[in-house]
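Residue-level listing of the chains:
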Amino acid sequence: MSAIAGIYRFGHESVYAEEGERMMQTLQKYPADRVCTWCEGSIFLGCHAQHVTPESVHERLPFYDELRDLAITADAIIDNRSELFERLAVEQGQRQGITDSELILLAYDKWGVDAASYLIGDFAFVIWDAKKHRLYGARDMTGNRTLYTYQYDGGFAFSTVVAPLWVLSSLRKELHEPWLAEFLSIRAMQESVDIGTTAYKHINQLPPAHWFTMEEGKQLLRKYACLDEVEPLRFKTGGEYIEAFREVFSQAVTARLRTHRAVGAALSGGLDSGAVASFAAPALHLQHKPLHAYSYVPVQDFTDWTPPTLLANERSYIQSTARYVGNIHENYMDFEGKSPFSEIDIWLELMETPYKYFENSFWIRGFYEKAQEHNVGVLLTGARGNFTVSWGPAMDYYARQFRRLHWLQSLQGVWRYSKLTGNRMSHLLPVMLKKATSLEARWLRRGNRSPIPSLIHPEFAKRMNVEDIPVLSGTGWRKNADQTRKEKFSNLAIANKNGVMATKLSLRYGLWERDPTGDSRVIRFCLSVPFEQYVQNGRDRALIRKAMRDHLPDDVRLNQRVRGVQPADWLHRMLPCWDTFMGELQVMCHDLRATEYLNMDYIKTAIAKYRHPRPEQASDPNIRLFMHSLIVYRFLCGLN
């Protein structure tokens, strides 16, 4: 794992090594095991390396291959090493010590610009091909590592993070208003539609699943993979799907245990993280290592206001998983004294951009801090599991059956689902019918929901032409669930958001976040499995529930009555500092720059209504708007 940086001067002009060294100096805030640079003619490459895999301990980056006249700097862990060894005809005796960066170079030497499509793992790398006088770089299929770029008269620069680019004399820190307009307009967690841009004018980012070449000032950008393009998988029996699932999932988990340091995991009481832990812990036991599990629990004085179907404190389910699986060292953390408000400046400095996932910010970072104390090299998550391994929306499936005129099977399935979940048929049936039809009869309606407030100033939205921007915030009643899931993987904005956060947290704490549920092989397998394997006899998420037999305890594996909600206590944590929070919002309302971008009329009206909020208002969109607006405001202040 590394932070990489580099400069390419056009027209065979020599690069100034001092400028490259200044870029590297900005990376000193991150821990490093080795810092090296390579400079020759028009190229400067740098690497701020953190050793995670056994091979990386002896890896020297940047690396120059004299035989092939290729140089590389890389931030990469390659997971399909065995497959590549065979494809590249690497001799058996050389395989154990070969580094991931050397594998990437061999792949480029064989396949050229198509090399990235043969690689599976988390990576961002740049190769200098001296023979072709070409710079080639790529980012992994699911966007787990980042690469920022800046092209200017006479040159091109890149870096894992934005900060090194600011030392370049031709670049000024300026807000990219179209990006901010999209950020403020999109009501979901995505940041922007145009993922090639950033919050800063003139700074771009390489999108996930893309490669680029730069030759004498001309850039070529190509997408090399589409994860949602899969052939349907057809087995004869359900057991074959289960065995195939276990095989591909085990492969993904095992590949992510490759570290000479300790292994950790974010563990909740649900299926996704539990499934990851259930495969990781036994494999680590064979290596005489424990799995360090990090779990969030609410502060002690929090009164759970959530409905019976939601669970704010998942400790009992987590303990059940840990006891059943074994070889798991549990860490339950409530992060008393911390809140989303106390984290804002830390996260803005960390992310270099505004962010939306404030509710979880304090405990996500807290997991990394604790894992760093345990010398963890890899932190496992199950972040993308909802749309891969544990997908299976029952009501959507039975609605599809109803549309296909399989009415009896549909109604029987809903009845079984009601028994397993404890929900009444009188509640579920209208939901299924509304999904199945375009009916808008009053008896199908659940009341008029309050519209989600808009954070963007109307005039700014009009000026940026984002009034009709797509809202990426859910499936909608009439949207096909299968298609919605595919869009989660074809929409690279989602992958980009996750990757940016994982990269920058990883660098700060010297460990690598890895998600087996987002492995490209797992994604493609899960998308290829027929819908009917995911919902059976009233069981949602049926495939993973069956596959986890003998891997997870039944109270976790078969639980359809409650699900965890993290963290339900975020607003409760902020109440002691609420007056300070509201005071800063009042200052924001009179800031000239903030009033240009934010919907201050709405914010001022809302402030008057929420002077004394209650913890159960944590999901109120107006209160969430306060936090989002303050995060943007502090970011704008930091630009000056």
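Calculation rules
- Residues numbered from 1 in each chain as written.
- Predicted model: local features only at pLDDT ≥ 70, side-chain atom pairs only at ≥ 80, totals over all residues.
- Heavy atoms only, no water.
- Axes fitted to C-alpha atoms, helices over the stretch in contact; angles between N-to-C directions.
- Helix = DSSP H or I, 4+ residues; strand = E, 2+ residues; numbered from the N terminus.
- Parallel < 35°, antiparallel > 145°, perpendicular 65-115°, else oblique.
- Left-handed = near helix turned anticlockwise from the far one by under 90°.
- Contact = heavy atoms within 4.5 Å.
- Nonpolar A, V, L, I, M, F, W, Y, C, P; charged D, E, K, R; others polar.
- Salt bridge = Lys/Arg side-chain N within 4 Å of Asp/Glu carboxyl O.
- Buried < 20%, exposed > 50% of the residue type's maximum accessible area, 1.4 Å probe, protein only.
- Core = buried A, V, L, I, M, F, W, Y, C linked by side-chain atoms within 4.5 Å.
- Phe/Tyr/Trp six-rings, centres within 6.5 Å; stacked < 30°, edge-to-face > 60°.
- Expected span 1.5 Å × (residues − 1).

Observations regarding the packing of helix α22 (residues 600–609) against helix α23 (residues 621–639)
Then comes step 1: The geometry of α22 relative to α23 is characterised by a closest axis approach of 10 Å and an angle of 125° between their N-to-C directions. In terms of their interaxial angle, α22 and α23 are classed as oblique. Two packed elements cross with a definite hand, and for α22 against α23 that hand is left-handed. Residues Y602, I603, A606 and I607 of α22 form the contact with α23, whose participating residues are N622, L625, F626 and S629.
Then comes step 2: Looking at the contact of α22 with α23 residue by residue, the class counts come to six nonpolar, two polar and no charged.

Notes on the pattern of salt bridges
Then comes step 1: Considering all chains together, one arrives at 40 salt bridges under this definition.
Then comes step 2: E243 is the partner of R246 in a salt bridge, and the nearest nitrogen-oxygen pair spans 3.2 Å. You can see R246 and its partner E243 sitting in helix α5 (residues 238–255), three residues apart, about one turn around the helix.
Then comes step 3: Judged by its relative accessible area of 47%, E243 is partly exposed.
Then comes step 4: Through salt bridges with shared partners, a single ionic network connects D79, D122, R256, R514, D519 and R521.

A short note on the nonpolar core
Then comes step 1: Within the largest apolar cluster, 91 residues are counted, with the highest numbers of intra-cluster contacts made by L184, F581 and I603.
Then comes step 2: In terms of residues, this core owes the most to one element, α23, which gives 11 residues.
Then comes step 3: In this structure, I603 is in contact with L455, M588, C589, L598, L625, F626 and S629, ignoring residues within four places of it in sequence.
Then comes step 4: If you look at the next biggest cluster of nonpolar residues, it comprises 59 residues, including V248, F249, V325 and A436.

Notes on the packing of aromatic side chains
Then comes step 1: Per the stated rule, a full pass over the model turns up 38 aromatic pairs.
Then comes step 2: Ring geometry for F249 and F279: centres 5.3 Å apart, planes at 85°, overall edge-to-face. Pair noted here: F249 is in helix α5 and F279 is in helix α6 (residues 271–286), with a separation of 30 residues, a long-range link.
Then comes step 3: Under the relative-accessibility criterion, F249 is labelled buried at 0%.
Then comes step 4: With relative accessibility at 13%, the residue F279 sits in the buried group.
Then comes step 5: Ring centres of Y610 and F626 lie 6.0 Å apart, and the angle between their planes is 80°; on these two criteria the pair is classed as edge-to-face. You can see Y610 sitting in the loop between α22 and α23 and its partner F626 sitting in helix α23, a full 16 residues away along the chain.

A word on helix α9 (residues 361–373)
Then comes step 1: Taking 1.5 Å as the rise per residue, α9 with 13 residues should run 18 Å; its terminal C-alpha atoms sit 19 Å apart, in good agreement.
Then comes step 2: For α9, the complete set of buried residues consists of S361, F362, W363, I364, R365, G366, F367, Y368 and A371.
Then comes step 3: N375, located one to two residues past α9, shows a positive phi value of around 55°.

Thoughts on the environment of L119
Then comes step 1: As for its placement among the helices and strands, L119 is situated in the loop between α3 (100–111) and β6 (121–129).
Then comes step 2: Between the C-alpha atom of L119 and that of I195, which follows or precedes it by 76 residues, the distance is 22 Å.
Then comes step 3: When near neighbours in sequence (up to four residues on either side) are disregarded, L119 contacts I78, N80, L84, I104, A107, F125 and M141.

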